[in-house]
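This is what each chain is made of:
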Amino acid sequence: MKSLDAVGLTVSRETIEKLDAFSALLTRWNRKINLVSPREIDRLWDRHILDSAQVFPHVPDDVTSWADVGSGAGLPGLVCAILAAEKNRDLVVDLIESDQRKCVFLRQASRELGLETRVHAERVEAVAPKTFQIITARAFASVPKILTLTAPLRGETTRYLLLKGRSYESELTEAEQSWKLHASRIPSRTDPDGMILDITEVYPRHDVP
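Let me sum up the structure you'll find in this document. (Residues numbered from 1 in each chain as written. Predicted model: local features only at pLDDT ≥ 70, side-chain atom pairs only at ≥ 80, totals over all residues. Heavy atoms only, no water.)

**Considering the overall build of the protein**
Here is the rule: Secondary structure elements are defined from DSSP: runs of H or I of at least 4 residues count as helices, runs of E of at least 2 residues count as strands, and each element is numbered from the N terminus. A radius of gyration in this sense is built from C-alpha atoms; the matching globule rule multiplies 2.2 Å by the number of residues raised to 0.38. We call a residue buried when its accessible area falls under 20% of the maximum for its residue type, exposed when it is over 50%, and partly exposed in between, using a 1.4 Å probe and counting protein chains only. Residue contacts are defined here by distance: any two heavy atoms, one from each residue, within 4.5 Å place the two residues in contact. Here the open area of atoms and residues is found with the Shrake-Rupley method and a 1.4 Å probe, where only the protein chains shown may cover a residue. His is not counted, nor are the chain ends; Lys and Arg add positive charge and Asp and Glu add negative charge. A charge is said to be at NZ when it belongs to Lys, at CZ for Arg, at CG for Asp and at CD for Glu.
Looking only at helices and strands, one finds six helices and seven strands in the protein. Of the regular secondary structure in the protein, the N- to C-terminal order runs α-α-β-α-β-α-β-β-α-β-α-β-β. On C-alpha atoms alone, the protein measures out to a radius of gyration of 16 Å, which is about the 17 Å that the 2.2 N^0.38 rule sets for 209 residues. Seen through its principal axes, the protein has C-alpha atoms that stretch 55 × 35 × 35 Å. With 209 residues in all, the protein has 51% of them scored as buried. Taking as baseline every contact in the protein between residues at least 6 positions apart, the subset at least 24 positions apart corresponds to 72%. When the accessible surface of the protein is split by element, carbon and sulfur atoms take 46% of a total near 10,200 Å². Taking the average place of the 28 positive charges on the side chains of the protein and the average place of its 30 negative ones, the gap between the two points comes to 4 Å.

Put into structure tokens, the structure is as follows:
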């Protein structure tokens, strides 16, 4: 039986079954729209499910607002919504995606899997301003662009958990030219070149003495 032990998570059989159901649904839809690269379907669990799930242990239990930007196939947003459902959290994950066809998938997957989500079929910068406690992104944009686009969604205590590849350090350096921030680096458990960037205390540099 599959497990999430590799990313430090122990979950119920029901949650694993729900992740399998999500994987099957994504595979079926991928024949119609390009959710993930077709050559990655055979390694969907290791390449995408586990990679997305590793964000979840770094999220506090009392979080009630979460925005996943550039959600695409629901990675990591839908995966984390599945994990959150087991704990019966008072949490609705907002999935922000501008591709209308992918939004249809996100809504259908949420319905079939019984997940608490809100799908925003629009660009990040068009989403009505609201403060989220957690903002996640995977394969969406560079760190400075994410910080810029999500400024209306960020409050003083907002925490970013960004799944990044080998370019993470140069992206952080560029971001720090415009933003004052605190960044912790959490090595990826699924990609030897990857990193989870845990970013807090984000302020425009011109606002900081």
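Okay, back to it.
**Describing the nonpolar core**
Basically, it comes down to this: By nonpolar core we mean a set of buried residues, namely Ala, Val, Leu, Ile, Met, Phe, Trp, Tyr and Cys, connected to one another through side-chain atoms within 4.5 Å.
Residues L4, L19, F22, L26, W66 and F105 are the most contacted members of the largest nonpolar core, which totals 47 residues. For this core, the elements supplying multiple residues, two or more each, are α1 (13-30), α2 (44-53), α3 (77-86), β2 (92-96), α4 (100-113) and β5 (154-164). When residues of this core are assigned to their parent elements, the largest contribution, seven residues, is made by α3. Counting 26 residues, the second-largest nonpolar core is a separate cluster that includes V143, I146, L172 and L197.

**Comments concerning the pattern of salt bridges**
We apply this condition: Any carboxyl oxygen of Asp or Glu within 4 Å of a side-chain nitrogen of Lys or Arg constitutes a salt bridge here.
One pass over the structure, following the stated rule, counts 10 salt bridges. Across the pair E40 and R43 runs a salt bridge, and its minimum N-O distance is 3.9 Å. The partly exposed category is assigned to R43, whose relative accessible area is 44%. Linking R159 and D198 is a salt bridge whose minimum nitrogen-to-oxygen distance equals 2.6 Å. Of this pair, R159 sits in strand β5 while D198 sits in strand β7 (residues 195-204), placing them 39 residues apart in sequence.

**Structural notes on the pairing of strand β1 (residues 65-69)**
Where we set the bar: We call two strands paired when DSSP finds no fewer than two bridges between them.
Most of β1 sits out of view: five of its five residues are buried. Residues S65, A67 and V69 of β1 are buried on one face, and the alternating residues W66 and D68, pointing to the opposite face, are buried as well. In this sheet, β2 lies alongside β1 in parallel orientation, the contact comprising five bridges. When the bridges of β2 are listed, S65 appears paired with V92.

**Here's the deal with the environment of L153**
In this fold, L153 is placed in the loop between α5 (143-149) and β5. Its relative accessible area of 0% is what places L153 among the buried residues. Distance from L153 to F132, taken between C-alpha atoms, is 6.0 Å for residues 21 residues apart in sequence. Apart from the residues lying within four places of it in its own chain, the contact partners of L153 are I96, V124, V127, A128, K130, T131, F132, I135 and T158.

**Focus: the packing of aromatic side chains**
The condition that has to hold: Only centres within 6.5 Å qualify two rings of Phe, Tyr or Trp (six-membered ring in Trp) as a pair; their planes then separate them into stacked at under 30 degrees, edge-to-face at over 60, and tilted for everything else.
Scanning the model with the defined rule gives three aromatic pairs in all. Look at F22 and F105: their rings are 6.4 Å apart centre to centre, the planes differ by 40°, and that puts the pair in the tilted class. Here F22 is found in helix α1, whereas its partner F105 is found in helix α4, with 83 residues between them in sequence. Residue classification places F22 among the buried positions, given a relative accessible area of 0%. Look at F56 and W66: their rings are 6.4 Å apart centre to centre, the planes differ by 20°, and that puts the pair in the stacked class.

**Some words on the packing of α1 against α3**
So the rule is basically this: Each axis is a line fitted through C-alpha atoms, and for a helix only the stretch in contact is used; angles between axes span 0 to 180 degrees, taken between their N-to-C directions. Should an angle fall under 35 degrees it is taken as roughly parallel, and over 145 as roughly antiparallel, whereas 65 to 115 is taken as roughly perpendicular and any remaining angle as oblique. Helix crossings get a hand from a simple test, with the near helix turned counterclockwise from the far one by less than a right angle marking a left-handed crossing and a clockwise turn marking a right-handed one. Classification used: nonpolar for Ala, Val, Leu, Ile, Met, Phe, Trp, Tyr, Cys and Pro, charged for Asp, Glu, Lys and Arg, polar for all others including Gly.
Across the interface, α1 lies against α3 with an axial gap of 10 Å and an inter-helix angle of 155°. When the interaxial angle is binned, α1 and α3 end up roughly antiparallel. Along this stretch, α1 crosses α3, giving a crossing that reads as right-handed. Contact residues: α1 offers T15, K18, L19 and F22, while α3 offers L78, V79, I82, L83 and E86. Looking at the contact of α1 with α3, its residues break down into six nonpolar, one polar and two charged.

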